[in-house]
Amino acid sequence: MSFFSISGNTFKWLMALWPPFWFTGIRYEYVSDDFREIRVGMALRFYNKNIHGLQYGGNLFSMTDACHGIMLFRNLGPAYNVLDKSAQIEFVRPGKGKVVLECTITDDDIADIKQKTANGDKYFKEFTVHVKDLEGEIVASVVKTVYIRQKRSK
């Protein structure tokens, strides 16, 4: 079994076993089989609160960590290097309960990346995502920059 052959549901369950998410409350709730949509949730629990009783900012940031890299790597295939380059987070309002992150990539995103990397050039693609509470209010806004380049022939 390879990463390129597993279903979205299988990947979701594998992420539940990933040690960096243990005791954070972060759960992959949905991964589409084409890896174009991912929804991540995090309930507020006694073990992931900050000193004010709110969602811990580091966990809010961790929710966004791998989503676009995973989706792009799966959709572009093993001929590409896809790595997170940088991220910037803005905390907009306190997370007082469960929060949710929804990430998507489109056909236009894939076409843009393939066009910009066609000559072996590296490309830095930016994605803006929002962690929201259950009322749809933005708790945190994150700009992720992903490094993408076709692997060089050996």
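Report on the accompanying structure. None of these values were measured; they are calculated from a predicted model. (Residues numbered from 1 in each chain as written. Predicted model: local features only at pLDDT ≥ 70, side-chain atom pairs only at ≥ 80, totals over all residues. Heavy atoms only, no water.)

**Observations regarding the packing of helix α3 (residues 67-76) against helix α4 (residues 107-117)**
Phase 1 of the analysis: At a closest axis distance of 11 Å, the pairing of α3 and α4 adopts a crossing angle of 70°. Compared by their axis directions, α3 and α4 come out roughly perpendicular. You can see that α3 and α4 cross each other, and the crossing is right-handed. Between α3 and α4, the residues in contact are Leu72, Asn75 and Leu76 and Ile110, Ile113 and Lys114, respectively. (Axes fitted to C-alpha atoms, helices over the stretch in contact; angles between N-to-C directions. Helix = DSSP H or I, 4+ residues; strand = E, 2+ residues; numbered from the N terminus. Parallel < 35°, antiparallel > 145°, perpendicular 65-115°, else oblique. Left-handed = near helix turned anticlockwise from the far one by under 90°. Contact = heavy atoms within 4.5 Å.)

**Points about the packing of aromatic side chains**
Phase 1 of the analysis: Under the criterion given, the structure shown has 11 aromatic pairs.
Phase 2 of the analysis: Relative to Phe11, the ring of Phe3 lies with its centre 6.0 Å away and its plane at 70°, an arrangement referred to as edge-to-face.
Phase 3 of the analysis: Residue classification places Phe11 among the buried positions, given a relative accessible area of 7%.
Phase 4 of the analysis: The structure contains a cluster of three or more aromatic residues connected by ring pairs, namely Phe3, Phe4, Phe11, Trp18, Phe21, Tyr28, Phe35 and Phe73.
Phase 5 of the analysis: The ring of Phe3 has Arg74 lying over it, and the distance from NZ or CZ to the ring centre is 5.8 Å.
Phase 6 of the analysis: Sitting over the face of the ring of Phe124, Lys85 holds its NZ or CZ atom 5.3 Å from the ring centroid. (Phe/Tyr/Trp six-rings, centres within 6.5 Å; stacked < 30°, edge-to-face > 60°. Buried < 20%, exposed > 50% of the residue type's maximum accessible area, 1.4 Å probe, protein only. Lys NZ or Arg CZ within 6 Å of the ring centre and 35° of its normal.)

**Overview of the pattern of salt bridges**
Phase 1 of the analysis: Using the criterion set out here, one finds 9 salt bridges in the structure.
Phase 2 of the analysis: Note that Lys144 is salt-bridged to Asp84, the shortest N-O span being 3.3 Å. Of this pair, Lys144 sits in strand β6 (residues 138-150) while Asp84 is found in strand β3 (residues 80-91), placing the two residues 60 residues apart along the sequence.
Phase 3 of the analysis: Note on Asp84: relative accessible area 35%, which makes it partly exposed.
Phase 4 of the analysis: Between Asp112 and Lys125 there is a salt bridge; the shortest N-O distance is 3.1 Å. With Asp112 in helix α4 and Lys125 in strand β5 (residues 123-133), this residue pair connects regions lying 13 residues apart in the sequence. When sorted by exposure, Asp112 lands in the same class as Lys125, which is buried. (Salt bridge = Lys/Arg side-chain N within 4 Å of Asp/Glu carboxyl O.)

**Quick look at helix α1 (residues 8-16)**
Phase 1 of the analysis: For α1, the set of buried residues is Gly8, Phe11, Lys12 and Met15. Projected down its long axis, α1 carries its buried residues within an arc of 105°, all on one side.
Phase 2 of the analysis: Those residues of α1 that are buried lie in contact with β1 (26-31) and α3. (Arc of directions from axis to C-beta.)

**Structural notes on the environment of Ala66**
Phase 1 of the analysis: Structurally, Ala66 is set in the loop between α2 (57-63) and α3.
Phase 2 of the analysis: Sequence separation of Ala66 and Leu83 is 17 residues, and the distance between their C-alpha atoms is 8.9 Å.
Phase 3 of the analysis: If we ignore the near neighbours within four places in the chain, the residues touching Ala66 are Tyr28 and Asp84.

**Concerning the sheet that holds β1**
Phase 1 of the analysis: Spatial ordering of the open sheet is given by β1-β2-β4-β5-β6-β3, a layout of 6 strands whose pairing is antiparallel. With one partner strand each, in any of the chains shown, β1 and β3 form the two edges of the open sheet. The mean angle between the axes of side-by-side strands here comes to 25°, regardless of whether they run parallel or antiparallel.
Phase 2 of the analysis: One ladder, built from 10 bridges, connects β5 with β6; its direction is antiparallel. (Pairing = 2+ DSSP bridges.)

**Overview of the nonpolar core**
Phase 1 of the analysis: With 36 residues, the main nonpolar core has Tyr28, Met63 and Leu72 as its most contacted residues.
Phase 2 of the analysis: Discounting residues that sit within four places of it in the chain, Leu72 has contacts with Gly77, Val82, Ile105, Ile110, Ile113, Phe127, Val146 and Ile148. (Core = buried A, V, L, I, M, F, W, Y, C linked by side-chain atoms within 4.5 Å.)

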